[in-house]
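# Structural overview
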Amino acid sequence: MKAIRRFTVRPVLPEPLRPLSDLARNLRWSWHAETRDLFQSVDPERWASSGQDPVRLLGSVPPGRLAELAEDRSFLRRLSAAAGDLDDYVTGGRWYQEQPAGLPAAVAYFSPEFGITAALPQYSGGLGILAGDHLKAASDLGVPLIGVGLLYRHGYFRQSLSRDGWQQEHYPVLDPNELPLALLKEPDGTPAQVSLALPGGRQLHARVWIAQVGRVPLLMLDSDVEENDLGERGVTDRLYGGGSEHRLLQEMLLGIGGVRAVRTYCRLTGHPAPEVFHTNEGHAGFLGLERIAELTAEGLDFDSALEAVRAGTVFTTHTPVPAGIDRFDRELVAHHFGPDAELHGIDVERILRLGMETYPGGEPNLFNMAVMGLRLGQRANGVSLLHGNVSREMFSGLWPGFDPDEVPITSVTNGVHAPTWVAPEVFRLGARQIGDRRTEDALTVGGSDRWDAVAEIPDQDIWELRRNLREQLVTEVRERLRVSWRQRGAGTAELGWIDGVLDPDVLTIGFARRVPSYKRLTLMLRDRDRLMDLLLHPERPIQIVVAGKAHPADDGGKRLVQELVRFADDPRVRHRIVFLPDYGMAMAQKLYPGCDIWLNNPLRPLEACGTSGMKAALNGCLNLSVLDGWWDEWFQPDFGWAIPTADGTGTDPDHRDDIEAAALYDLLEQRVTPRFYEHGQAGLPDRWIEMVRQTLTLLGPKVLAGRMVREYVERLYTPAAHAHRAMTPDAARELAGWKARVRSAWHDVTVDHVETSAATPTAELGSTLSLRVRVGLGALAPDDVEVQAVSGRVDPEDRIADASTVPLKPVGSPDAEGRWVYEGPLALDRTGPYGYTVRILPTHRLLASGAELGLVAVPSEDVGEGAGVLMR
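The residue numbers shown here count from 1 along each chain, following its written sequence. In keeping with the predicted nature of the model, local features appear solely for residues at pLDDT of at least 70, side-chain atom pairs appear and are counted solely at 80 or more, and the whole-chain, interface and lining totals rest on all residues. Side-chain numbers here rest on the full set of heavy atoms in the structure, without hydrogens or water.

## Brief notes about the overall build of the protein
Helix and strand definitions follow DSSP, with helices as H or I runs of at least four residues and strands as E runs of at least two, each counted in order from the N terminus. In terms of helices and strands, the protein carries 28 helices and 29 strands. By principal-axis analysis of the C-alpha atoms, the protein measures approximately 95 × 75 × 50 Å. The buried share among the 872 residues of the protein stands at 56%. Throughout, a contact is declared for two residues whenever any of their heavy atoms are within 4.5 Å. Long-range pairs, those at least 24 residues apart, make up 73% of the contacts in the protein between residues at least 6 apart in sequence. Areas reported as accessible are Shrake-Rupley estimates using a 1.4 Å probe. Residue values count occlusion only from the protein chains shown. When the accessible surface of the protein is totalled, it reaches about 35,000 Å², and 50% of it is carbon and sulfur. We treat Lys and Arg as the positive residues and Asp and Glu as the negative residues; His and chain ends play no part in the count. To locate a charge, take NZ of a lysine, CZ of an arginine, CG of an aspartate or CD of a glutamate. Charged side chains in the protein number 93 positive and 120 negative. The centres of these two groups are separated by 5 Å. The buried label goes to any residue with under 20% of its type's maximum accessible area, the exposed label to any with over 50%, and the partly exposed label to all in between, with areas taken from a 1.4 Å probe on protein chains only.

## Here's the deal with the sheet that holds strand 23 (residues 768-776)
When DSSP finds at least two bridges between two strands, those strands are taken to pair. Strand order in the open sheet formed by four strands is 21-23-27-26, with antiparallel pairing between adjacent strands. Strand pairing shows two members of the sheet lacking a second neighbour, strand 21 (750-756) and strand 26 (809-811), which therefore form its edges. Adjacent strand axes in the sheet meet at a mean angle of 30° when their direction is disregarded. As paired elements, strand 23 and strand 27 (residues 819-827) share nine bridges and run antiparallel to each other. Bridge assignment links Val775 to a residue of strand 27, and that residue is Trp820. Under this scheme, a helix contributes an axis fitted over its contacting stretch, all axes are lines through C-alpha atoms, and angles between N-to-C directions fall in the 0 to 180 degree range.

## A closer look at the sheet that holds strand 19 (residues 622-626)
One open sheet holds the six strands; their spatial order is 17-16-15-18-19-20, and the pairing between them is parallel. Strands with a single pairing partner mark the edges of an open sheet, and in this sheet they are strand 17 (577-580) and strand 20 (640-643). Between one strand axis and the next, the sheet turns by 20° as a mean value, whatever way the strands run. With two bridges joining them, strand 15 (residues 507-512) and strand 18 (residues 597-600) adopt parallel strand pairing. Among the inter-strand pairings, Gly510 is bridged to a residue of strand 18, identified as Trp598.

## Some points on the environment of Leu13
For Leu13, the location among the structural elements is in the segment before helix 1 (19-25). Remark: the alpha-carbon pair of Leu13 and Leu66, spanning 53 residues in sequence, is separated by 7.1 Å. Aside from chain neighbours lying at most four places away, what touches Leu13 is Arg18, Leu20, Ser21 and Leu66.

## A short note on the side chain of Gln159
Relative to the elements of secondary structure, Gln159 occurs in strand 3 (residues 158-161). By relative accessible area, which is 4% here, Gln159 ends up buried. Within polar-contact distance, the side chain of Gln159 engages the side chain of Gln167 at 2.8 Å. A 3.5 Å cut-off defines polar contacts: any pair of N or O atoms within that distance qualifies, except that in protein one atom must be a possible hydrogen donor and the other a possible acceptor, and neighbouring residues in sequence count only when both atoms are side-chain atoms. Engagement of the side chain of Gln159 in a polar contact is seen with the backbone oxygen of Gly548, the distance being 2.9 Å. In this structure Gln159 touches Gln167, Gln168, Gly548, Lys549, Ala550, Phe579, Pro581, Asp582 and Tyr583, once residues within four positions along its chain are discounted.

## Focus on the packing of aromatic side chains
In this analysis, rings of Phe, Tyr and Trp, with Trp reduced to its six-membered ring, are considered paired at centre separations within 6.5 Å, and the interplanar angle assigns stacked below 30 degrees, edge-to-face beyond 60, and tilted for intermediate values. The tally for this structure, following the rule as stated, stands at 19 aromatic pairs. Taken together, a centroid distance of 6.2 Å and an interplanar angle of 10° make the contact between Phe39 and Trp47 stacked. In this structure, Phe39 and Trp47 share a single accessibility class: buried. When the ring centre of Trp421 is taken as origin, the NZ or CZ atom of Lys615, which lies over that ring, is 4.6 Å away. Definition used: whenever NZ (Lys) or CZ (Arg) falls within 6 Å of the ring centre and also within 35 degrees of the ring normal, the charge is taken to sit over that ring.

## So, helix 6 (residues 73-91)
The length a helix should cover is 1.5 Å for every residue beyond the first. Here helix 6 contains 19 residues, and its C-alpha end-to-end distance of 27 Å stays within 8% of the 27 Å for a straight helix at 1.5 Å per residue. Here helix 6 has its buried residues at Phe75, Leu79, Ala82, Leu86 and Tyr89. For helix 6, the buried positions fall inside an angular range of 95° around the axis, keeping them on one side. Of the exposed residues in helix 6, the ones pointing more than 90 degrees away from its buried face are Arg73, Arg77, Ser80 and Thr91. Its buried side turned inward, helix 6 meets helix 1, helix 2 (33-42), helix 5 (63-70) and helix 7 (126-141). Its side-chain oxygen 3.1 Å from the backbone nitrogen of Ser74, Asp72 forms the N-cap of helix 6. Working note: the arc is built from the helix axis to C-beta atom directions.

## Remarks on the pairing of strand 19
Among the five residues of strand 19, five are classified as buried, and the element is accordingly described as predominantly covered. Side-chain alternation along strand 19 places Leu622, Leu624 and Val626 on one buried face and Asn623 and Ser625 on a second face that is also buried. Here four bridges tie strand 18 to strand 19, and the two strands are oriented parallel to one another. Considered in strand 19, the bridge of Asn600 is made with Ser625. Taken together, strand 18, helix 23 (residues 612-617) and strand 19 constitute a β-α-β crossover, and its handedness is right-handed. With four bridges joining them, strand 19 and strand 20 adopt parallel strand pairing. For Ser625, the partnering residue across the bridge sits in strand 20 and is Ala642. Convention used here: a crossover is right-handed provided that the path from the first strand, over the helix, to the second strand proceeds clockwise when the strands point away from the viewer. In this fold, strand 19 hands off to helix 24 (residues 629-634), which returns the chain to strand 20; that crossover is right-handed.

## Side note on the confidence of the model for the protein
pLDDT expresses how confident the predictor is about each individual residue, on a scale running from 0 to 100. On average, the protein scores 94 in pLDDT, and the residues at 70 or more come to 97%. Segment residues 866-872 is flagged for pLDDT under 50; beyond a separation of four residues in sequence, or across chains, it makes 34 contacts in the model.

## A word on the packing of helix 7 against helix 27 (residues 705-726)
Packing of helix 7 against helix 27 brings their axes to within 8 Å, and their N-to-C directions diverge by 80°. When the axes of helix 7 and helix 27 are compared, the pair comes out roughly perpendicular. On the side of helix 7, the interface is formed by Leu130, Asp133, His134, Ala137, Ala138 and Leu141, while helix 27 contributes Ala705, Gly706, Met708, Val709, Arg710, Tyr712 and Tyr717. When residues are sorted by character, Ala, Val, Leu, Ile, Met, Phe, Trp, Tyr, Cys and Pro go into the nonpolar class, Asp, Glu, Lys and Arg into the charged class, and all the rest, Gly among them, into the polar class. Class assignment for the residues of the contact of helix 7 with helix 27 results in nine nonpolar, two polar and two charged. Angles below 35 degrees are treated as roughly parallel, those above 145 as roughly antiparallel, those between 65 and 115 as roughly perpendicular, and all remaining angles as oblique.

## Let's talk about the packing of helix 10 (residues 287-297) against helix 11 (residues 302-311)
Running from N to C, helix 10 and helix 11 cross one another at 125°; their axes reach a closest spacing of 9 Å. With respect to helix 11, the axis of helix 10 lies oblique. Where helix 10 crosses over helix 11, the handedness of that crossing is right-handed. Of helix 11, the residues touching helix 10 (which contributes Gly288, Arg291, Ile292, Leu295 and Thr296) are Phe302, Ala305, Leu306, Ala308 and Val309. Looking at the contact of helix 10 with helix 11, its residues break down into seven nonpolar, two polar and one charged. Crossing handedness: left-handed means the near helix sits turned counterclockwise from the far one by under a right angle, and right-handed means the same turn made clockwise.

## Remarks on the pattern of salt bridges
Take a side-chain nitrogen of Lys or Arg and a carboxyl oxygen of Asp or Glu: if they are within 4 Å of each other, that pair is a salt bridge. The final tally for this structure, using the stated rule, is 63 salt bridges. The salt bridge involving Arg260 is made with Glu342; its shortest N-O contact spans 2.8 Å. You can see Arg260 sitting in helix 9 (residues 244-269) and its partner Glu342 sitting in the loop between helix 12 (330-335) and helix 13 (348-355), a full 82 residues away along the chain. Residue class for Glu342 comes out buried when judged on its relative accessible area of 6%. Between Arg845 and Glu734 there is a salt bridge whose closest N-O contact spans 2.8 Å. Of this pair, Arg845 sits in the loop between strand 28 (832-842) and strand 29 (868-871) while Glu734 sits in helix 28 (residues 729-745), and the two are 111 residues apart along the sequence. Overall, the relative accessible area of 36% leaves Glu734 in the partly exposed class. A network of salt bridges, in which partner residues are shared, links Arg520, Arg526, Asp654, Arg656, Asp657, Asp658 and Glu660.

## A short note on the side chain of His134
As for its placement among the helices and strands, His134 is situated in helix 7. Note on His134: relative accessible area 1%, which makes it buried. Those residues in contact with His134 that sit more than four places away from it in its chain are Tyr109, Leu145, His278, Met708, Val709, Tyr712 and Tyr717.

In C-alpha cells:
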C-alpha cells in the first residue's frame, strides 16, 4: 500500500552525542577524513548502506547503539575532538583574515548547480562540481562567501541501462528534511520566503534552505511550497529540465530571488552584506537586474544604478560554444518583466537591451544570458588561458574596433578541491613525509610552486600505492558492474564472468564525463580492431573504465553511450573495457585515484577547462589528452602525453576524428604502454614512477582550488570591491552622465594626421622616433580621452601583433579648427617588420578597461605615412 502522507522522524540523540548532529549538518564532513571516520565507527555497516551520509546514518542507528556510544569514553573523546576541530575551523582566522585590509566584506557566489557531496545531489557535471569546489576552497581559506543556488526536488537524473545499452533516466524525489539542510527561519520560527511577481497577478514563492559548507552558507531556493499553484511548485523540480519558459523562471528565481534570499539571510543572521556578486555562468544573470531595481527604489536613475551594479559584479563564462548559452525569445522575456510582472519599476526595453544580440552576427530577436552577464559585469573571465582566448574571440562583437586580445575578458584557470578528491592513501603518504598539518595546508591554501617533499618518497612506496588504488578500483568496478547488469535484467547465473573483470596489474585508463558530442566518447572506437589489439595484447594489455551521462533530451549522446556499451558487452573484451552507469561524485572519488591514465579527447578548443584530469593528477594519475582547456596551459612531457590534433578549419570532421584516433592509438602502442610495463633493475617501472613523481611535485600545486580562489580574491573580487566602494551614488551619476556624453559625441572624434621623425623606411634597434598626431575631439576635452600610439611587429597584411601602447600628450591649445595636437616618443625595441598606428579611447578614473565602452577612433586609410617601419 502507498502512504498518503510522509514524515521525517528524526532521532533523539542522547545529550553526550548531541555534537554528532552539528557535525552531520556541516558538510565539512564530506572532505574531512577524521569526521568521516568518526561517523563510520558509529555503525560501519549502516555507514556503508547509507551511502556515507551522516544524516541518513543517524536516522537509522538503533537507540540501543546510541545509548552504548553515549557511555563509550573513547568515542566521546573522539567526538569532542572532532567538534572542537570544527568549531576552530569555522571561527578561527585563516588565510583571508591574514591579508592586508581592503578585501571584500562578503562575496555572493551564484550558480545553477553545486556539487558538494553525493549526499546532496544538486549537480549534473563539471560546472556544479567546480562551484562546489569553489565553496569548499573559500571555506578553507576563510573567504566570506555566500553561495546561492536552487534546490531541485529531483536533482539531476539517475542513469541506468536497458538490456540493449540504451540510457534510462530516473528521477527519485528528494525530501529536504532527509538532506543535510536547515530551513532559514524568521525570528518567530516561520520559514523565511522570497517571492517573484508573475504575469497575471500571480506569485512565485520559494523557501530558503541552508547547506552549511564549512564556513560558507549555501542558500538553496525551493519553489515546492504550499503557497504556490502546481505549475509554480514545479519550477525547481529538475536541474536543466523543462522547456524555455520553465528555464527562464528557474533563472529568474536564481538571480532575482537569489539576491532577495541573500538580503533576507543577512538581515536574519547579521552576516555582512556582499560587496561583490559573482555570477558563475549566465544562468544567474538576472541578479544584476534585481540590484538595479534596489538602487532605483532608493532614488538612482537606471543608468546610474547600472554603473553601480557593474562595479561590484564578476561574471565567469564556462562556455566555448554559442550553443551552450541559454538564449530566450525576446517576447518571452518581455512577458515576464514590466508593469504586469517582475521589476515593474524598470522599463522593459531597458531590460531587453542588456541581453539582446545587437552586434554583427547576432540574432536580433534573442535574449542572450551570457551577453547580459557581460554587460552587467565590469569584470569577466574564462576558466583557462585557452578558454580566455576563445571567449574573447566569441564575444568580440560586443567590443567592435578592438582586437580580440584586448576584449576585457581575462582568465582564471579552474582548480579542484584536493581534500575532496585526493584518496586517503595518497594523503597519508604525504603526511608520512611532512606531517598531517603541513599536508592539509599544502592541499588547501597552497601557495608553493613545488611539492619537493615528494622527491623523498621511495619508488617502492609510490608503486605500491598506485597498485593498491588500482586494486580498490577493480573491486569497485566489479560491484557496480554486477548491480548494472542486474538492472539490465541479467540473472546471477549469467554474471560469473564479472569476477574476472579488470586486473590490478594491468595499465588502467579512465574516461568519465558528460556525453555531448564534442567530448567524443567513442573516439576510441574509430578502429575497433586496433583497440582490441591494445586491450588483448599478450605482454602489454590495457584496460579502460568509462562512465558518463548524456542529457535526457540528447538522443545523439545516448546513441554514443549505447555504441560504447555494446562494444564493452562483447565477450571477447568485456573483461578489459567496462561502462559504469550513473556517474557521480561517489564513483568519481574511486575512479580518479584508481586509474593510471586519464584520457580526454574533446574537439579542440571546445573544452573550457576539463577539471577531471586535475583530480586524477592529484592522485598520481598521468594525463593523456588533447591540448585543450587546462592541459593546453600546463602540459609537460613529465606529466603525460599530448594527443596531436587536426583542427584546421578545412578539415572534414570524420577525417579529423580518424587522424586524432590514429594518433591516440600510436601514443598508446609506442609510448604509453612500453613505459608502464618496462621495469628497471629493481623490478619497478622507474620511468613511469618518475612521471608520477613529477606530476605530484610540479602539477599538484597548480591544480588546487585554493590557488584558484586566491586568484579570484586578488585579481577580481578585491578590485571589484574597491570599484564598488568608489561607486557612490554621486560617482555613479557622474560616470553614467559622462558615458552618455561620450557616446553622443564620439562620432566627431577623429585622427586627422599622423607624422613621425623617421626619414627612411628603416631604423636602428633602440632608436626613438617622435610622433606628432592631429586629432579632432568634437565636444569632448582631452580629459575625456587617451590618445595612444600602438606599435609592434606586423604581418604581411600590416596587422600589428603583440602590440604595446604608449599614451601621447596634448601640446598647447586647440587650433583655429578646434583640432588638438598630441606628441610622444616611439621606442623601437624589436627587430624585423615593425609598424605603428594611433588610436583614441575614452578614459575615466572609474573605468576598469579602456575597451569598456567599446568605442575607439583610428586613422582612416589615407592618414599617416605608410604601413610601418622596418628595422635592421
